[in-house]
Amino acid sequence: MGFEQRASRWPSSWQMFISFGDRTETIVEVRNVSASGMKCAGQAEARPGERVQFGIMGQKVTGFVVRQSADGFAISFLRPLSDAQLHCLRQFRRLPAAARQG
């Protein structure tokens, strides 16, 4: 049995809207990101196996929840992020207060 090399992960503080299945969007904060997935913190009701979507650089990214914990969840993307998308998510970004209030 061989070991797969884990994708390089980078810290992030990017806030975004993310949707879970058919439910409304929720604000989350990315904790770390790689081309193949990311870990998020937030009050989202993420369920393992559930489909998620979010937008980055005008494009939709789709994935599935792979882990859930008391302080957040992890997502695996259906397709790897582009270098530009990954670079974008590695930055610090806060949503305006009006967007966070809903």
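Residues numbered from 1 in each chain as written. Predicted model: local features only at pLDDT ≥ 70, side-chain atom pairs only at ≥ 80, totals over all residues. Heavy atoms only, no water.

This part covers the nonpolar core. Membership of the largest hydrophobic core comes to 23 residues, with the highest contact counts inside it found for Ile18, Met38, Phe54 and Phe73. Counting residues per element, this core draws most heavily on strand 2 (residues 13–20), at four residues. If we ignore the near neighbours within four places in the chain, the residues touching Phe73 are Ile18, Phe20, Val28, Met38, Lys39, Cys40, Ala44, Ala46, Val65, Arg67 and Gln68. (Core = buried A, V, L, I, M, F, W, Y, C linked by side-chain atoms within 4.5 Å. Buried < 20%, exposed > 50% of the residue type's maximum accessible area, 1.4 Å probe, protein only. Helix = DSSP H or I, 4+ residues; strand = E, 2+ residues; numbered from the N terminus. Contact = heavy atoms within 4.5 Å.)

Turning next to the pairing of strand 7 (residues 72–77). Along strand 7, five of the six residues are buried, which leaves the element largely enclosed by surrounding structure. Pairing geometry for strand 6 (residues 59–69) and strand 7, over six bridges, is antiparallel. Note that in strand 7 the partner of Val65 across the bridge is Ile75. The antiparallel pairing of strand 6 with strand 7 creates a hairpin that spans two residues between the two strands. (Pairing = 2+ DSSP bridges.)

For the rest of this paragraph, the subject is the layout of surface pockets. There is about 170 Å³ of room inside the largest pocket. If you go around the largest pocket, the residues you meet are Arg51, Gln59, Lys60, Val61, Thr62, Leu78, Arg79, Pro80, Leu81, Ser82 and Gln85. Take the lining of the largest pocket: its biggest share by element is four residues, from strand 6. Partitioning the lining of the largest pocket into residue classes produces four nonpolar, four polar and three charged. (1 Å grid on protein atoms, 1.4 Å probe; cavity = no way out; pocket = protein on both sides within 12 Å on 5 of 7 lines; lining within 4 Å. Points joined across faces, edges and corners; volume = space filled by probe spheres on them. Nonpolar A, V, L, I, M, F, W, Y, C, P; charged D, E, K, R; others polar.)

Attention shifts here to the pattern of salt bridges. Under the definition given, this model contains two salt bridges. Ionic pairing is found between Glu29 and Arg31, a salt bridge with its closest N-O pair at 3.0 Å. Taking relative accessible area as the criterion, Glu29 reaches 12% and is therefore assigned buried. Note that Glu50 and Arg47 form a salt bridge whose closest N and O atoms lie 3.4 Å from each other. Here Arg47 falls in the partly exposed class, since its relative accessible area comes to 44%. (Salt bridge = Lys/Arg side-chain N within 4 Å of Asp/Glu carboxyl O.)

So, on to the side chain of Ser34. If you trace the backbone, Ser34 turns up in the loop between strand 3 (25–33) and strand 4 (37–41). Among the polar contacts listed, one links the side chain of Ser34 to the side chain of Arg9, at a separation of 3.0 Å. Each residue touching Ser34, except ones within four places of it in the same chain, is listed here: Ala7, Ser8, Arg9, Phe77, Leu81 and Leu86. (Polar contact = N/O pair within 3.5 Å; in protein donor to acceptor, adjacent residues only side chain to side chain.)

Note that every value here comes from positions in space, so none of it alone points to a role or purpose.
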